[in-house]
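Coordinate inspection notes
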Amino acid sequence: MNEHYAFVLMTKEKYWTKFRDRSQEGKKIHSFVLRGAAPPKDVRILFFYISNPVKALEGYAEFIERKIGAPEEVWNEYGNESVLESKASFDEFIGNPQQVTFIRFKNLKTAVNPVSLDNLRMLRGVKMLSRKGYYVDKGMAEKFISMME
């Protein structure tokens, strides 16, 4: 079984809302921006965990690729796929790192039944979730999707 089948990204509610809005506007490809070189490298599915006040898995999407590079270069190529409205907001968000990561994805789906933090902890057998996100295997990814639909 593939241990790195899917990855759970942690995000704030305001960014999740903007991704949902982009998707509803008909935009097909999106990019999640992170400072530095960040995971995931190669997975099939991305899950979106929304932190306070929601504390739940709110959706999922198909992973396309991870692009890492100099902030200026990556923004120029993929900035229009992000929820950051301008180069100025991108610069403010990332600060001054040597590299940034754009996690590209498509087919964003919003959960009919979000998976709560308590359920996630119970399923994973942990007390806390990693703030940087975490990999899940295919079996767990399928459980998450069935719970959300």
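One can find the structure itself at the top, above this paragraph.
A brief structural summary. All residue numbers here refer to positions counted from 1 along the written sequence of the relevant chain. Only residues with pLDDT of at least 70 get local features here, since the model is predicted, and only at 80 or more are side-chain atom pairs given and counted; chain-wide, interface and lining totals rely on the full set of residues. Just so you know, side-chain values use all the structure's heavy atoms and leave hydrogens and water out.

**Notes on the packing of aromatic side chains**
Note the cut-off: Between the rings of Phe, Tyr and Trp (Trp by its six-membered ring), a pair exists once the centres lie within 6.5 Å; its type follows the angle of the planes, with under 30 degrees stacked, over 60 edge-to-face, and the other angles tilted. Secondary structure elements follow DSSP: runs of H or I no shorter than four residues count as helices, runs of E no shorter than two count as strands, and numbering proceeds from the N terminus. Between buried and exposed lies partly exposed: a residue is buried under 20% and exposed over 50% of the maximum accessible area for its type, with that area taken using a 1.4 Å probe on protein chains only. Distance and angle both matter: a charge sits over a ring if NZ of Lys or CZ of Arg is within 6 Å of the ring centre and within 35 degrees of the ring normal.
Overall, the coordinates contain 13 aromatic pairs when judged by the stated rule. Note on Tyr15 and Phe93: the rings are 5.7 Å apart at their centroids and 75° apart in plane angle, and the pair reads as edge-to-face. On the criterion of sequence distance, the pair formed by Tyr15 in helix H1 (residues 13-24) and Phe93 in helix H3 (residues 87-94) is long-range, its members being 78 residues apart. Exposure remark for Tyr15: the relative accessible area of 15% places this residue in the buried category. Members of the aromatic cluster, joined through ring pairs, are Trp16, Phe19, Phe32, Phe48 and Phe105. Stacked on the ring of Tyr134, the Lys or Arg Arg124 has its end atom at 3.8 Å from the ring centre.

**Looking at the sheet that holds strand S4 (residues 56-69)**
Working definition: the strands of a sheet are paired by backbone hydrogen bonds and lie parallel or antiparallel to each other. Defined as follows: Any two strands between which DSSP finds at least two bridges are classified as paired. Axis angles are defined between N-to-C directions and span 0 to 180 degrees, where every axis is a line fitted to C-alpha atoms and, for a helix, only to the segment in contact. Should any heavy atoms of two residues lie within 4.5 Å, those residues are counted as being in contact.
Strands sit in the order S2-S5-S4-S3-S1-S6 across an open sheet of six strands; the sheet is mixed. Each edge of the sheet is formed by a strand with only one pairing partner; in this case those strands are strand S2 (29-35) and strand S6 (134-136). Neighbour-to-neighbour, the strand axes of the sheet open up by a mean angle of 40°, direction not taken into account. Pairing analysis gives 11 bridges linking S4 to strand S5 (residues 100-116), with the strands arranged antiparallel. In the strand pairing of S5, Leu57 is matched with Val115. Strands strand S1 (6-11), S2, strand S3 (45-50), S4 and S5 of the sheet are contacted by H1, whose axis makes an angle of about 90° with S5.

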